[in-house]
Amino acid sequence: MAPGAFDPKGKLETAIAESVVNFPRPAEVDKFTYGTAGFRTKGDWLDHVMFGMGLLAGLRSRKLKGQTIGVMITASHNKAEDNGVKLVDPMGEMLEQDWESWATTIVNGQNPEETVKAYGEVIQKYNIDQDKPANVIYARDTRPSGARLVKALEAGLKATNVTYKDFGILTTPQLHYLVRATNTQNDKNPYGEVSEAGYYKKIGAAFRTAMKNVKATSPVTVDCANGVGAPKLKEMIKYLPTEEECGLKINVVNDRVEQAEVLNKDCGADYVKTQQKVPQGFDGKAYDRWCSFDGDADRIVYYFNEEGPVFRLLDGDRIATLAASFLGDLVAKCDFSENLKLGVVQTAYANGASSKYVTERLQLQSEFTPTGVKHLHHAAARYDIGVYFEANGHGTVLFSNKALNTIWSKEPESPAQLENLEVLRAATELINQTVGDAISDFLLVEAILAHKEYTVQEWITTYTDKPNKLAKQVVKRRDEYKTVPGTAEQKLESPKGLQEQIDTEVAKYREGRCFVRASGTEDAVRIYGEALSSYDVDHMVQTVADLINMRSGSSG
Ligand code: 16G
Ligand code: MG
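Residues numbered from 1 in each chain as written. Chains lettered and ligands numbered in written order. Predicted model: local features only at pLDDT ≥ 70, side-chain atom pairs only at ≥ 80, totals over all residues. Heavy atoms only, no water.

1. A closer look at the nonpolar core
- In this structure, Phe293, Tyr302, Leu327, Val387 and Phe442 are the most contacted members of the largest nonpolar core, which totals 87 residues.
- Ranked by residue count, the leading element in this core is helix 16 (residues 438–452), at ten residues.
- Judged by nonpolar contacts, the second largest core, of 46 residues, contains Val85, Ala134, Leu149 and Leu153. (Core = buried A, V, L, I, M, F, W, Y, C linked by side-chain atoms within 4.5 Å. Buried < 20%, exposed > 50% of the residue type's maximum accessible area, 1.4 Å probe, protein only. Helix = DSSP H or I, 4+ residues; strand = E, 2+ residues; numbered from the N terminus.)

2. Some thoughts on the coordination of the magnesium ion (ligand 2)
- At 2.0 to 2.2 Å from the magnesium ion (ligand 2) lie its protein donor atoms, namely Ser76 (OG), Asp294 (OD), Asp296 (OD) and Asp298 (OD).
- In primary sequence terms, the donor set of the magnesium ion (ligand 2) follows S-x217-D-x1-D-x1-D. Asp298 carries the same exposure label as Asp296, and that label is buried. (Donors = N, O, S within 2.8 Å, 3.2 Å for Na, K, Ca; no water.)

3. Some thoughts on the UniProt feature "domain: Phosphoacetylglucosamine mutase AMG1" (unreviewed entry) in the protein chain
- The sites that carry the UniProt feature "domain: Phosphoacetylglucosamine mutase AMG1" (unreviewed entry) are, in the present numbering, residues 218–301 and 315–454.
- Between the C-alpha atoms that bound residues 218–301 the distance is 18 Å, and the span itself is 24% helix and 18% strand.
- Regarding residues 315–454, the helix share stands at 54% and the strand share at 15%, and the terminal C-alpha atoms are separated by 16 Å. (UniProt positions renumbered as here; feature names shortened; annotations may be inferred.)

4. Looking at the side chain of Ser400
- Turning to its location among the elements, Ser400 is positioned in the loop between strand 14 (395–399) and helix 14 (401–409).
- One polar contact links the side chain of Ser400 to the main-chain amide nitrogen of Ala403, over a distance of 3.0 Å.
- Look past the residues within four positions of Ser400 in its chain and what remains in contact with it is Tyr383 and Asp384. (Polar contact = N/O pair within 3.5 Å; in protein donor to acceptor, adjacent residues only side chain to side chain. Contact = heavy atoms within 4.5 Å.)

5. Let's talk about the pattern of salt bridges
- Counted by the stated rule, this structure contains 34 salt bridges.
- Measuring nitrogen to oxygen at the nearest pair gives 3.8 Å for the salt bridge that ties Asp129 to Lys132.
- Here Asp384 and Lys402 are joined by a salt bridge, their closest N and O atoms 3.7 Å apart. Within this pair, whereas Asp384 is found in the loop between helix 13 (373–380) and strand 13 (385–389), its partner Lys402 is found in helix 14, the two being separated by 18 residues in sequence.
- Residue Asp384 is classed as buried on the basis of its relative accessible area of 12%.
- Classification of Lys402 as partly exposed rests on a relative accessible area of 40%. (Salt bridge = Lys/Arg side-chain N within 4 Å of Asp/Glu carboxyl O.)

6. A word on the sheet that holds strand 19 (residues 525–530)
- Pairing is antiparallel in the open sheet, where three strands are placed in the order 15-19-18. On the outer flanks of this sheet lie strand 15 (468–473) and strand 18 (513–518), each paired with one strand and no other. Strand-to-strand twist across the sheet, computed as the mean angle between neighbouring axes with direction ignored, equals 15°.
- Note that strand 15 and strand 19 share six bridges and pair antiparallel. Considered in strand 19, the bridge of Lys469 is made with Gly529. (Pairing = 2+ DSSP bridges. Axes fitted to C-alpha atoms, helices over the stretch in contact; angles between N-to-C directions.)

7. Remarks on the pairing of strand 12 (residues 365–369)
- Summarising the sheet, strand 11 (residues 342–347) and strand 12 pair through five bridges and their orientation is parallel. Its bridge partner lying in strand 12, Thr347 is registered against Thr369.
- For the crossover from strand 11 across helix 12 (residues 352–361) to strand 12, the handedness is right-handed. (Right-handed = clockwise from strand over helix to strand, strands pointing away.)

Structure (structure tokens):
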């Protein structure tokens, strides 16, 4: 058929209608919405959504000349019975924003005719030729519902004649890696081998180079949230230099993937960050170095206990500043400072002290975007070297083509410079540039700590966090809370008058900062506050919560 042509009784359309009846819409869900985290809900309710994602992934591939699209089945840090799905674009980045609403449309048909109609709308809108090839790869995390959901996805792919490959159980970032590796296979610089082993080989070799002249302080313990990160990190370790070679001993804990019910339970990066405490199974002594992955291993936070014990968290802000300081130094030592622009991208939830450290101590550019990985990723891509991290531990570093060319073509001017250049080159291979990756970020942090000869205490004293608080306020209608574009969500334009009230309150506190935004994932608004003293922060955030409460109560 011609591009854009669609016949509701055509061959593929008939196959869709016949197949989708096996994956009916669950009565429990009124409407599915593709949000920042893709679709996410109870695993039992997602078969119909998976079928639709099979259709859309195929269409997206056809639209992009047969480039391979990824489908990741995971619900990240959610409980074991939940599941979810996200599409991955050809360079391993998140699905283009325009298509998110099509994802929503294609899974919300009330009957087979509506599903076929939605499919046809995408064909017409994007002028897609159904005879063109389509390629999709997919993987899932360790959740029990994953195996069944894969069948629904495959049915959608089969109905529309898509060529597909199942990569089994992987971390989310591994699937992102594979998508990019697949689509760059024939390029001058392929991203890596198209296999799970290729991922370990690339990162393992880079880590070995990065650690060539340094020794780590051992050990480090990794809480894998009882998720897919556990078996994958254990596999990764086989490709790393041994403890004798590099000084690093890695203990893997919370690795019970066969026990579905313990996934993310009282452990993992999200638990540690939101509860501000050590995970289940923690047995560290004072100052032992620990970190936690989330359930699909795309987030990482570090932490330790001081005597007391007093819990100390090294979150995404700390990793961003550590990486920026290390890469900034290397760039300077290799004489690239004039040529390569390095910047740090954060959200407004980043502690003010970390951003100040970036601009004043490191003398680097700092920038803020709205919450959500895609916003940070896009902003970071505008730098030659763009470091981005959310405070919750999701982040990575992007190197532009110009940066890669500069770094790889440079002739070193001295043995010392060669050494620095080798480490910088290794960093470009060690870092998973497609998306935040707990395994890759973990090894980057370990390499940096070894180079800087930092203990966790030395790392945490690079700057002092401002007292801060993140609170949540349930409201009747969170969609009433809209922020002014371009303010990184720090200023409300509605409800009318609320921002003025907040400003008046915040002005009462020394170095006060406070903002309110609607959560994208929960029926609530979040209130973040910072000030010079923690007493002030508590008071300020509570007063702002009361302001919201008064309005929400009276708005009916
Ligand atoms: C989603 C985002 C995450 C963000 C969080 C904020 C992606 C892949 N995930 O999980 O980056 O931090 O939402 O949640 O973009 P909130 O809107 O409830 O505050
Ligand atoms: Mg995750």
